[in-house]
Amino acid sequence: MIEQHFTERPLKVLVLEDDPYLVELISRQLTRIPRRVELEVVTMRFDFVRALLDSIPDFILCSDTLAQFDGLEALVLVRKTFPKVPFLVLTGDQQAIQGTKWLEQGISACLPKSELDQLLPAMKEARRRNKLFHRSLVRGRVLRLLNQEVRSLIEMADHAEKLQPMFSPGEGEKTLTTLFETKMALEELYSSIQKSAPIP
């Protein structure tokens, strides 16, 4: 079951699916959650974007095949704006999802449409995987920022070294030492983060 962590407010689920029969099956499965669920179903891009702007959902369930809107495009949109939201793909061909752009763009999990009785466990797994995905995004941003800071310090050290004759005796060496120590500390932090979870 979904963790009973969700008790203080309704669980908001946004469904991007144009098959009424599948929507009905999804709705039935969601009634098993021990919490009130607010379900919103959309089929087109405009309605999907409007729903995201109105209220950030707790989960997004999306079909991989839609007549009016590209599910992969929906995933890209969500990842750019709401990377914390688990995105679970409902597919008629699970093999088609594996090793494709769906994975590259960060789907949280996928579930065959023929196995909707497993929707709740799949949502739980999607939530778990999405936490890992979001952490990797944050680590990647931290590493990029650290890289920029190290490069800036190297440039500052170069400038300070050229200007060293203008400093009073010992002042130039002190400035260079401070810059060098700061650079070393940032590089050590970068290395530590990279080892804990390598980022390409």
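You'll find the structure just up there.
Right, let's walk through the structure included here. (Residues numbered from 1 in each chain as written. Predicted model: local features only at pLDDT ≥ 70, side-chain atom pairs only at ≥ 80, totals over all residues. Heavy atoms only, no water.)

Overview of the overall build of the chain
How we decide: Going along the chain from the N terminus, every DSSP run of H or I of four or more residues is numbered as a helix, and every run of E of two or more is numbered as a strand. A simple rule labels every residue: compare its accessible area, found with a 1.4 Å probe on the protein chains alone, to the largest value its type can have, and call it buried under 20%, exposed over 50%, or partly exposed in between. Contact between two residues is taken to exist if any of their heavy atoms lie within 4.5 Å; hydrogens are not considered. Using a 1.4 Å probe, the Shrake-Rupley method yields the accessible areas, and only the shown protein chains count as cover for residues.
Along the backbone of the chain there are seven helices and five strands. Along the chain direction, N to C, the helices and strands of the chain fall in the order β-α-β-α-β-α-β-α-α-β-α-α. Sorting the 200 residues of the chain into buried and exposed places 38% on the buried side. The contacts of the chain with a sequence gap of at least 6 include a subset with a gap of at least 24, amounting to 73%. Total accessible area computed for the chain in this model is approximately 11900 Å², and 55% of it derives from carbon and sulfur atoms.

Things to note about the sheet that holds strand β1 (residues 11-16)
Heads up, the condition is: For two strands to be treated as a pair, DSSP must find at least two bridges joining them. Between N-to-C directions, angles cover 0 to 180 degrees, with each direction set by a line fitted to C-alpha atoms, over the stretch in contact for helices.
Reading across from one edge, β2-β1-β3-β4-β5 is the order of the five strands in this open sheet, with parallel pairing throughout. The open sheet terminates on both sides in strands that have one partner only, identified here as β2 (37-42) and β5 (109-112). Strand after strand, the sheet turns through a mean of 20° between neighbouring axes, direction not considered. The pairing of β1 with β2 spans six bridges and is parallel. Each bridged residue has a counterpart across the sheet, and for lysine 12 the counterpart in β2 is glutamate 38. Set on the sheet, helix α3 (residues 71-81) makes contact with β1, β3 (59-63) and β4 (87-91); between it and β4 the angle comes to about 175°.

Describing the side chain of glutamine 29
Tracing the chain through its elements places glutamine 29 in helix α1 (residues 20-30). Owing to a relative accessible area of 15%, glutamine 29 belongs among the buried residues under this scheme. With residues up to four places along the chain from it excluded, the contact list for glutamine 29 reads Leu116, Asp117, Leu119 and Leu120.

Things to note about the nonpolar core
Stated precisely, the cut-off is as follows: Residues belong to a common nonpolar core when they are buried Ala, Val, Leu, Ile, Met, Phe, Trp, Tyr or Cys residues joined through side-chain atoms within 4.5 Å.
Membership of the largest hydrophobic core comes to 21 residues, with the highest contact counts inside it found for Leu16, Phe48, Ile60 and Phe87. When residues of this core are traced back to their parent elements, those giving at least two are β1, α2 (45-54), β3, α3 and β4. Here this core gets four residues from one element, more than from any other, and that element is α3. When neighbours within four sequence positions are excluded, phenylalanine 48 is seen to be in contact with Leu14, Leu16, Val42, Ile60, Phe69, Ala74, Leu77 and Val78.

Some details on α2
Here is the rule: Working note: the arc is built from the helix axis to C-beta atom directions.
Those residues of α2 that fall on the buried side of the exposure criterion are Phe48, Ala51 and Leu52. The buried residues of α2 occupy an angular sector of 100° when projected down its axis, which confines them to one face. Counted as exposed and oriented over 90 degrees from the buried face of α2: Phe46, Leu53 and Asp54. Of the surrounding elements, those touching the buried residues of α2 are β1, β2, β3 and α3.

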